[in-house]
Amino acid sequence: MNGPVAERCERCRFDGDAYTHDDARATVRHAAELFGWAADGLPETVTHTRPAPATWSIAEYTAHVAEVIRAHGLALHLMTTTGLPQPAGGLGDANDDDPKFSPTMADVLGDLAANAA
């Protein structure tokens, strides 16, 4: 192996090759602010509505980002304290028969802010 392999997420189409380390650090630090700004003033009927049955809503994408940040933070903590990173659960792929996403956008943004701190 010649070096680290950039992470890619098929669920949200994240491509790690598109970012520098400084970009990634700044994005994590400001994720809740950025998502909050993007959703500011939108009613939950918009933030919780999927554009297509198998495509996440704004709130679901925001929750996914919070889960990814939490999972990476946990893995980094465990690697530096025990050497035993644990796999994370989280949102699965979006399906047209998924149950209604219930957390409020404010709750999802709060979770994101807490995990990005």
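It should be noted that the structure appears before, not after, this text.
Residues numbered from 1 in each chain as written. Predicted model: local features only at pLDDT ≥ 70, side-chain atom pairs only at ≥ 80, totals over all residues. Heavy atoms only, no water.

**Student:** Quick question: what am I supposed to make of the packing of aromatic side chains here?
**Tutor:** Remark: the centre distance and the inter-plane angle together describe each pair of aromatic rings, the angle taken between the planes. Tallied over the entire structure, the rule returns two aromatic pairs. Measuring from ring centre to ring centre gives 5.5 Å for F14 and Y19, while their planes differ by 10°; the resulting arrangement is stacked. Judged by its relative accessible area of 42%, Y19 is partly exposed. Both rings, one in W56 and one in Y61, keep their centres 5.2 Å apart while their planes meet at 75°; by these two values the pair is edge-to-face. Looking at Y61, the relative accessible area reads 23%, which means it is partly exposed. (Phe/Tyr/Trp six-rings, centres within 6.5 Å; stacked < 30°, edge-to-face > 60°. Buried < 20%, exposed > 50% of the residue type's maximum accessible area, 1.4 Å probe, protein only.)

**Student:** It is not clear to me how the packing of helix α1 (residues 21–39) against helix α4 (residues 105–116) should be interpreted in this structure. Could you clarify?
**Tutor:** Two numbers describe a pair of packed helices, the interaxial angle and the distance between the axes. Interhelical geometry of α1 versus α4 gives an angle of 160° and a closest axis separation of 7 Å. It follows from the interaxial angle that α1 and α4 lie roughly antiparallel. As for the relative orientation of α1 and α4, their crossing is left-handed in sense. Taking contact as the criterion, the partners of V28, R29, A31, A32, F35, G36 and A39 in α1 are, on α4, M105, L109, L112, A113 and A116. Grouping the constituent residues of the contact of α1 with α4 by class yields ten nonpolar, one polar and one charged. (Axes fitted to C-alpha atoms, helices over the stretch in contact; angles between N-to-C directions. Helix = DSSP H or I, 4+ residues; strand = E, 2+ residues; numbered from the N terminus. Parallel < 35°, antiparallel > 145°, perpendicular 65-115°, else oblique. Left-handed = near helix turned anticlockwise from the far one by under 90°. Contact = heavy atoms within 4.5 Å. Nonpolar A, V, L, I, M, F, W, Y, C, P; charged D, E, K, R; others polar.)

**Student:** How should I be thinking about the environment of N115 in this particular structure?
**Tutor:** Note that N115 resides in helix α4. Along the primary structure N115 and R29 are separated by 86 residues, whereas in three dimensions their C-alpha atoms are 9.3 Å apart. When near neighbours in sequence (up to four residues on either side) are disregarded, N115 contacts A66, I69 and R70.

Worth remembering: the numbers are spatial, not functional.
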